[in-house]
Amino acid sequence: MTNEGVCPGARVHSVSKGTEMSDHPWRQHGMSDAEYERIVELLGRHPNPLELGLFAVLWSEHCGYKHSRRALRRFPTRGPQVLVGPGENAGVVDVGGGLAVAFRMESHNHPCAVEPYQGAATGVGGIIRDILAMGARPIALLDSLRFGPPTDPHSVRIAQGVVAGIAGYGNCVGVPTVGGEIAFDPAYAGNPLCNVVCVGVLPRNRLTRAAAHSVGNICVLVGQHTGRDGIHGATFASVELDESSESRRPSVQVGDPFREKLVIEACLEIVEQGLAAAIQDMGAAGITSSLAETAARGGTGVEVEIDAVPQREPGMTPYEVMLSESQERMLVIVEPQNVAAVQTICAKWGVQAAPIARITEDGLFTVRWHGEVVGQVPVRFLTEDVPAYDPPARPPTYLSTTRQLQAAAFAWVNEVQGRLSPAEQLLALLASPTVASKAWAYRQYDHQVQTRTQLLPGQADAALLWLKESPTRSQAIALATDGNGRLCYLDPRRGGRRAVAEAARNVACTGARPVALTNCLNFGNPDDPEIFWQFTEAIAGMSEAAEALGTPVTGGNVSFYNESGQGAIHPTPVVGMLGVAEQAQRCRGLAPTGVGQPLLLLGALYPPGWPDRPEQALIESLAGSQYQALFGSSLAGQPADVDLELEQKVQQGLLALYERGWVTAAHDCSEGGLAVTLAEMALAAGIGIRATLPDGQGRLTAVLAAFGEWPSRVVVALHERKQVGEVQRLLAADGVISIYLGETTAEPLLRLMTGKAEDWLALDLAALRQAYQTIPFARAASNACSGAVEEAREAGGACHVGQQQGPLDNGVSQGRG
Amino acid sequence: MNAIGVVVFPGSNCDQDCLWALSVLGAEAVPVWHESTDLSGLVALILPGGFSYGDYLRAGAIARFSPVMQAVARQAEAGLPVLGICNGFQILCEAGLLPGALLPNVSGRFQCEPVHVRVETARTPVTATCEPGTVLQLPIAHAQGRYFAPDAALADLEAREQVVFRYVNAAGEPTPESNPNGSLHAIAGVCNREGNVIGMMPHPERAVHPQLGSTDGRLLLAALQKVGVSWRGPGTDGGGGQRAPAAASVELNAQAAAGSGGGRQWQ
């Protein structure tokens, strides 16, 4: 690449000459030659090594969103409910009653690939601090996890490490882990995904913004000493994983949840006393990014004194101090007269509070060390002049194969029917790791601390958190995460639309109105045009759905370079949806509350194309489905699209039933189709279900009716049979078709019949439960427990590895739906 | 003042939950900072759950050295009702105010799930209004809850009616499956010989409202409050405090027997 091609006519020093640059140090920072040339052009000189480090982290993909910034502008971000949109530490939504909710999702994929426990733990710690920076008390965590197949020992090690790390950090820090999702697919064997959502609540009038407007204010570093850990974490996150990744382990930080808990309490006390002019989390790129971003938002400068930063070890260079990613640190910007009061609060909590920097009017980022200026660059060069790329995009070549399929390519469906009975197929689906109960994971998380979790993991399609601080005492918020890499692989636009639609539907299934979303966009290397096409298509699809459903995007995170020797992951945008319920008492989970309750199917009763185009119906209802993943020959076909107008009507119709207090349970049809939905409802309630498959009197095969996957379908349980007519009329008036499926029964049996009233499948709850409670890596789990088992037997106790059967152990997957 | 104190250690997570739960019951409750050494005026004390001092070294091992624990020991000696929940139970054992120890769960993991416990005795301030044999559904959330004591000590605990709660199934029977963590004798809670210091692994404060799934915890916290108020420590009436909880428990037992049973009478 030549200089001329990048910055024509600019004052660029030739980088190929000049002895001091002969070793291309910027390349070790993950910068391109052109980017370095741009820095030289901006500064009018070469940066010194410290300054180069500042540019490297703030211009990294992780901090600078170089490849994604323009594409992300497509997202709808406005709405009357949105108090803070993208660009701050977290999005903030007005939920009424004088309360606001801050929420955001962030990825920690690469650290988890290298060091699963600490990678996940520090992911949790980091997103909590983002919420804290808005002045909100963190009240809940959700995790969206993707791992390689449980038959792969390496993937098992990563899965167990990540879950243990989430538990280890979240439990200790006192924030409940209330939901999320876990999926297994070979696409993630070399590069797992760990996306964490944190949610906080605050009085609307106490919203804290991370902008340093007032010159002379002091930046106080609150929390841990700064050490040599995590230097270059941001740049590590911005390259692909390869054999050398193991050597990057020092780039993974170590978390201390106890310290984080103290930092939380100290910061909230500072905020409550009105002492903070602004707060900023100190995450990727440490002191550098938090100071630069705070000053940039305020249009000011900042002068940092390296000697004032409490350091964990002697002899640290300014470079190391500025780029350290030591955990459990926050930046609190205070007026000079309030510094002492802030230090008093921190001392009470045993937390260090060191004034390290001053807000200046010169617009410069100045680093001082031992009385000298060792680095000085304009703040805006670091934060506003970040390169923005429009990489080339083109549809992946594999689509020409996966989309040209004829029905013949689904001949395996008939083969499966010859080999397995419907009951065996359902049991296999229930036992598949992505569908089966996630109790093995969520039982390790404290999901009830803070006493506001109304619907626990496994009890509903979304977590429901009671807002005890609301004036009415009856408000609640619902949260769900959803993403489906297989659908996005086959059609990123439809996959993006469906992720948003399903996350919203999950929230609506609890009786809460979806109001806004956050997201994590997990993709491969954006320099690959096929990957970048996936990225832009997914954003377009998500945007269309977010617009149609009235759920603006309030922030999120982009994670590129999710590739390993085995290639790129499936494109996996994950949505975190927030919903609000005014009458928490009316909210329900997925378990019908009694025998004889009628079950209705709402929405898209039949797959797209049915009945006129049976081939389309076949392909679209199975492409990317769990059924195809389990029984099919390969991932193929174009998955069903979501009719956003219908989706909106279905969700509003469901909420209308909730408003009348008619709903006893609701569960959406998702992975595994209607049969899995009904099985999960029966298992959750511990009672039987007798239902007729909506197969259009036999014109849709029972297999598709039972196991096919297409969006906009919800099963609702009502109190009494006699309500059915009225409910159907009400729904029809709102443009929502519904069909009576059957009812709950005292007989502990799931019985599915065809439209011709023939028995198609009958399974007792015990068999369903056994399949559903399959632990994906039971052998590994039992090995881990074996020592304790022996010990316990000697002591007369017993060992349970996630197999407990309490009355609330409904064994339903963790928020999957 | 008739307040129940809730101790706040660095790393306590359930202090606010306990204060809230007591407020739901209409009980007066105040936080007590871990550096405080003055517990006068309190009618009872709760050591809440969480990870005090990060649970570094061992759960509860560092908290026992905090200033407040010396005051707790003095007041406990004088008969103040003291309830340790989860981490609070671990701290009381580490401090020697309760017998035994809490070891890592046999699963080797943190476990968060609902359990059933059976009330084994009504002689403590938290069970004063329960019929022995009452089965309660409460959540647990711990990694180190396996109760352990040497055989002789266990026999002594049983003989002196110091086992307060036992893990059972919904029908009230202790079975291997109903013991979540491998506790010896399926012990979920114990008290000291006098009965005024109680430790339990399940969280009653998480089960005080229908929206949270169970209200069985109300029974225990409400009893603590009633017994506490009727207790007069040495600082107020000059002695005799140790007898009061027992006397109160008799009276409240009569109330419970007259009621419909279960934890609903104070709703």
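The numbers attached to residues start from 1 for each chain and follow its sequence in the written order. Whichever chain is written first is A, and whichever ligand is written first is 1; the rest continue in order. A pLDDT threshold of at least 70 governs which residues receive local features in this predicted model, and a stricter bar of 80 or more applies before side-chain atom pairs are shown or counted, although totals over entire chains, interfaces and linings include all residues.

1. Some thoughts on the overall build of chain A
At step 1: Each helix is a run of H or I in the DSSP string that is no shorter than four residues. Each strand is a run of E no shorter than two, and both are numbered from the N terminus. If you tally the helices and strands in chain A, you get 30 helices and 28 strands.
At step 2: Neighbour counting defines burial: a residue surrounded by 20 or more other C-beta atoms within 10 Å of its own C-beta is buried, one with 12 or fewer is exposed, and intermediate counts give partly exposed, using backbone-placed C-beta atoms. Split into buried and exposed, the 817 residues of chain A put 62% on the buried side.
At step 3: Contact between two residues is assigned when their C-beta atoms, built from the backbone, lie within 7 Å. In chain A, the proportion of contacts linking residues at least 24 apart, taken out of those at least 6 apart, comes to 84%.

2. Some points on the nonpolar core
Across soluble globular proteins, nonpolar side chains show a tendency to be buried alongside one another.
At step 1: Residues Val332 and Leu479 of chain A together with Ile4 of chain B are the most contacted members of the largest nonpolar core, which totals 349 residues.
At step 2: Those residues within four positions of leucine 479 of chain A in sequence are excluded, and the remaining contacts are Ala140, Leu142, Gly179, Val197, Val199, Ala462, Ala463, Gly576, Met577 and Leu578 of chain A. Residues enter a nonpolar core if they are buried, belong to Ala, Val, Leu, Ile, Met, Phe, Trp, Tyr or Cys, and are joined to the set through C-beta atoms within 7 Å.

3. Topic: the domain arrangement of chain A
Interface extent is often summarised as the accessible area lost during association of the parts.
At step 1: Residue ranges labeled as domains rest on an automatic or database domain assignment. Domain boundaries assigned for chain A yield domain 1 (3-64), domain 2 (80-383) and domain 3 (589-776).
At step 2: Look at where the C-alpha atoms of domain 1 of chain A and domain 3 of chain A centre, and you get two points 57 Å apart.

4. Overview of helix H1 (residues 15-24) of chain B
Residue and element names in this part refer to chain B.
At step 1: Taking burial as the measure, the 10 residues of H1 include 7 buried ones, the bulk of the element.
At step 2: Among the residues of H1, Asp15, Asp17, Cys18, Leu19, Ala21, Leu22 and Val24 are the ones counted as buried.
At step 3: Packing partners of the buried residues in H1 comprise strand E1 (4-8), strand E2 (29-33), strand E3 (44-47) and helix H5 (217-230).
At step 4: Residue glycine 26 follows H1 closely and has a positive phi angle near 80°.

5. Details of unusual backbone geometry
Residue and element names in this part refer to chain A.
At step 1: The linkage connecting tryptophan 610 with the following residue, proline 611, adopts the cis geometry, with an omega of 5°.
At step 2: Tracing the sequence through the fold places proline 611 in the loop between strand E22 (598-603) and helix H23 (614-622).
At step 3: With a phi close to 55°, glutamate 328 is a non-glycine residue in the positive phi region.
At step 4: Tracing the sequence through the fold places glutamate 328 in the loop between helix H13 (318-323) and strand E10 (329-334).
At step 5: C-beta crowding within 10 Å serves as the criterion here: with 27 such atoms nearby, glutamate 328 is assigned to the buried category.

6. Concerning the packing of helix H11 (residues 257-272) of chain A against helix H14 (residues 339-348) of chain A
All names here are of chain A.
At step 1: Every angle, taken between N-to-C directions, lies between 0 and 180 degrees, and every axis is a line fitted to C-alpha atoms, over only the stretch in contact when it is a helix. Taken N-terminus to C-terminus, the directions of H11 and H14 make an angle of 145°; their axes are 9 Å apart at the nearest point. In the packing of H11 onto H14, the handedness of the crossing is right-handed. Within the contact between the two elements, H11 uses Ala266, Glu269 and Ile270 and H14 uses Val342, Ile345 and Cys346.
At step 2: Throughout this entry, Asp, Glu, Lys and Arg are counted as charged residues, while Ala, Val, Leu, Ile, Met, Phe, Trp, Tyr, Cys and Pro are counted as nonpolar. The remaining residues, Gly among them, count as polar. Its residues placed into classes, the contact of H11 with H14 shows 5 nonpolar, no polar and 1 charged. By convention, the crossing between two helices is left-handed when the near helix turns anticlockwise from the far helix through less than a right angle, and right-handed when the turn is clockwise.

7. Looking at the sheet that holds strand E12 (residues 364-369) of chain A
Residue and element names in this part refer to chain A.
At step 1: Note: two strands are recorded as paired if DSSP finds a minimum of 2 bridges between them. One open sheet accounts for 7 strands, arranged E8-E10-E7-E11-E9-E12-E13; its pairing is mixed. Every other strand in the sheet has two partners, leaving strand E8 (278-281) and strand E13 (372-378) as the edge strands with one partner each. Direction aside, neighbouring strands of the sheet carry axes that sit 25° apart on average.
At step 2: Inspection of the sheet shows strand E7 (residues 218-223) paired to strand E11 (residues 353-360) by 5 bridges, in the antiparallel sense. Bridge pairing in E11 links valine 222 to alanine 353.
At step 3: Contacting E7, E8 and E10, H11 crosses the sheet at an angle of about 145° to E7.

8. Focus on the packing of helix H18 (residues 422-431) of chain A against helix H26 (residues 673-685) of chain A
Residue and element names in this part refer to chain A.
At step 1: Where H18 meets H26, the axes come as close as 10 Å, and the angle between the chain directions of the two elements is 70°. Classified by the angle their axes make, H18 and H26 are roughly perpendicular. On H26, the residues that touch Leu426, Leu429 and Leu430 of H18 are Ala675, Val676 and Ala679.
At step 2: Of the residues belonging to the contact of H18 with H26, the class tally is 6 nonpolar, no polar and no charged. In what follows, roughly perpendicular refers to angles from 65 to 115 degrees, roughly parallel to angles under 35, roughly antiparallel to angles over 145, and oblique to any angle outside these ranges.

9. Some thoughts on the confidence of the model for chain A
At step 1: Mean pLDDT over chain A works out to 89, with 90% of the residues at or above the 70 mark.
At step 2: Ignoring residues within four places in sequence, the model shows residues 1-22 of chain A, a span with pLDDT below 50, making 27 contacts including any to other chains. How sure the predictor is of each residue is captured by pLDDT, a score from 0 to 100.

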